[in-house]
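Each chain is listed here by its residues.
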Amino acid sequence: MTDESRLLAVDGVRFFGVMSASISHEIKNVLAIIKENAGLLEDMLAMNAKGIPLDPERLTRLAQSIDRQVARGDGVARNMNRFAHSADHPSETVDVHETIRFVIDLADRLIAMKGRPPRIEAVANPVTAVTSRFFLERLIWACLWQALEVCAPEETISVVAEKTGAVVRIRFQGVAEDFFTTGAPFPSPGEAAVCRMLGARLSADENAKEIVIVLN
Amino acid sequence: MTERVLLVDDEMEFLEIMAERMRARDMEVTTSTSATEALSLIATESYDAVIMDFMMPEMDGIQALKAIKEKKPEMQIILLTGHATVQKGVEAMKAGAMDFVEKPADLDALSEKIKKAHHKKAVIVEKQSQAKVIEMLRKYGM
């Protein structure tokens, strides 16, 4: 294995680990709520055995809560599955806008953990590219994370994909001044290796307040 | 005796159901969805135990734990976590957590820990009071 492929493998596994840990935390939260609902049902049955009548309204709310959490867990598991299959093909035709939306959705909990994160909008614009889905997700997350690190809650990060000829640009607009002035180490060596592998380039424009992924 | 508990988790639904079940066990429960809010509640109210999620937005469990311990060293804090690792557990205990419990938690086991917390806090407060009395007696040459 060359140093470059080792760098790429480590970066890829790390990205997979970050996302998987966040997903499993969310599943645990869903399970915790379902378990508490089951416990509450047991408590109600125990009280009923002592002669306290069951409250149908409370039972309905309990069933609704379980329903909601099952739907939430299902959504999380679907995302997990989709993410796991991102690495199935080394190269394929990718709907870039859909991939942006997916990364935002997948990282929902990580974004929420920022406390009061800025608003993120994926501007709908159907663009396709022939690339590695997994590493494109990795690069989108890298740029999004950089933007999240510097943007305030009242700000909006707009992510839009554009295609000019064979060149696809993914623009992260509304990136706060700090990104350009603090000189944070970006991209990391692993992210740079991802760029080389994808044949992509990262650029930052302080005047336009944007980070751009350029896919050739 | 009724235990006063502050339950902190950013999962609203988890908070509501857990609080309802704890109240059914004669506990006095206050809920909070953020560590920041919990910190201001702790500054003004008295609790026997704080049950707090390890992973929360803005301030994580360890940061919150350290901030609480700084304000109220006698406070008994039990951290809840999605994934209990030895490293996290050691970190939490070193920072002064009374216990570290993996989600989904068993409420009966948690209730036992809350009772222990109540007792432990009572012993600490009693010792503090004794120390104050001794200090006063010394001050007046008695």
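Residues numbered from 1 in each chain as written. Chains lettered and ligands numbered in written order. Predicted model: local features only at pLDDT ≥ 70, side-chain atom pairs only at ≥ 80, totals over all residues. Heavy atoms only, no water.

A. The arrangement of the pattern of salt bridges in detail. In this structure the tally under the stated criterion is 25 salt bridges over all chains. The residue arginine 68 of chain A makes a salt bridge to glutamate 13 of chain B at a minimum N-O spacing of 3.0 Å. In this pair, arginine 68 of chain A sits in helix 2 (residues 56-84) while glutamate 13 of chain B sits in helix 1 (residues 12-24), so the two residues belong to two different chains. Residue class for arginine 68 of chain A comes out partly exposed when judged on its relative accessible area of 45%. (Salt bridge = Lys/Arg side-chain N within 4 Å of Asp/Glu carboxyl O. Helix = DSSP H or I, 4+ residues; strand = E, 2+ residues; numbered from the N terminus. Buried < 20%, exposed > 50% of the residue type's maximum accessible area, 1.4 Å probe, protein only.)

B. A look at the sheet that holds strand 2 (residues 119-123) of chain A. Residues and elements named next belong to chain A. Taking strand neighbours across the sheet as the criterion, the five strands line up as 2-4-5-7-6 in an open arrangement whose pairing is mixed. At either end of the open sheet lies a strand with only one pairing partner, and these are strand 2 and strand 6 (200-205). Taken over all neighbouring pairs, the strand axes of this sheet differ in orientation by 15° on average, direction set aside. Direction of pairing for strand 4 (residues 156-164) relative to strand 5 (residues 167-173): antiparallel, over a ladder of seven bridges. Residue alanine 161 lies in a different strand from strand 5, and its bridge partner there is isoleucine 170. Contacting strand 2, strand 4 and strand 5, helix 3 (residues 96-106) crosses the sheet at an angle of about 160° to strand 2. Helix 5 (residues 133-150) rests against strand 2, strand 4, strand 5, strand 6 and strand 7 (210-215) of the sheet, and its axis sits at about 170° to strand 7. (Pairing = 2+ DSSP bridges. Axes fitted to C-alpha atoms, helices over the stretch in contact; angles between N-to-C directions. Contact = heavy atoms within 4.5 Å.)

C. Broad picture of a nonpolar patch on the surface. Residue and element names in this part refer to chain B. Together, Val133, Met136, Leu137, Tyr140 and Met142 make up a nonpolar patch on the protein surface, roughly 580 Å² of accessible area in all. With respect to the helices and strands, leucine 137 occurs in helix 5 (residues 107-139). A relative accessible area of 37% means that leucine 137 is categorised as partly exposed. (Patch = residues over 30% accessible without salt bridge, like charges linked within 9 Å, V, L, I, M, F, W, Y side chains within 5 Å. Areas by Shrake-Rupley, 256 points an atom, 1.4 Å probe, with all protein chains shown as cover.)

D. Structural view of the pairing of strand 4 (residues 77-81) of chain B. All names here are of chain B. Of all five residues that make up strand 4, five are buried, and the element is covered over most of its length. Here strand 4 shows two buried faces, one formed by Ile77, Leu79 and Thr81 and the other by Ile78 and Leu80. Pairing of strand 3 (residues 49-53) with strand 4, which is carried by four bridges, proceeds in the parallel orientation. Its bridge partner being in strand 4, isoleucine 51 is matched across the sheet by isoleucine 78. Between the parallel elements strand 3 and strand 4, the chain passes through helix 3 (residues 61-71) in a crossover that is right-handed. The sheet contact formed by strand 4 and strand 5 (residues 99-102) spans four bridges and is parallel. (Right-handed = clockwise from strand over helix to strand, strands pointing away.)

E. Fine view of the packing of aromatic side chains. For the structure shown, the criterion picks out nine aromatic pairs over all chains. Three or more aromatic residues link up through ring pairs in this structure, and these residues are Phe15, Phe16, Phe83, Phe134 and Phe135 of chain A. One cation-aromatic arrangement involves arginine 82 of chain A over phenylalanine 102 of chain A; the distance from NZ or CZ to the ring centre is 4.2 Å. Positioned above the aromatic ring of phenylalanine 14 of chain B, the side-chain terminus of lysine 103 of chain B is 4.6 Å from the ring centre. (Phe/Tyr/Trp six-rings, centres within 6.5 Å; stacked < 30°, edge-to-face > 60°. Lys NZ or Arg CZ within 6 Å of the ring centre and 35° of its normal.)

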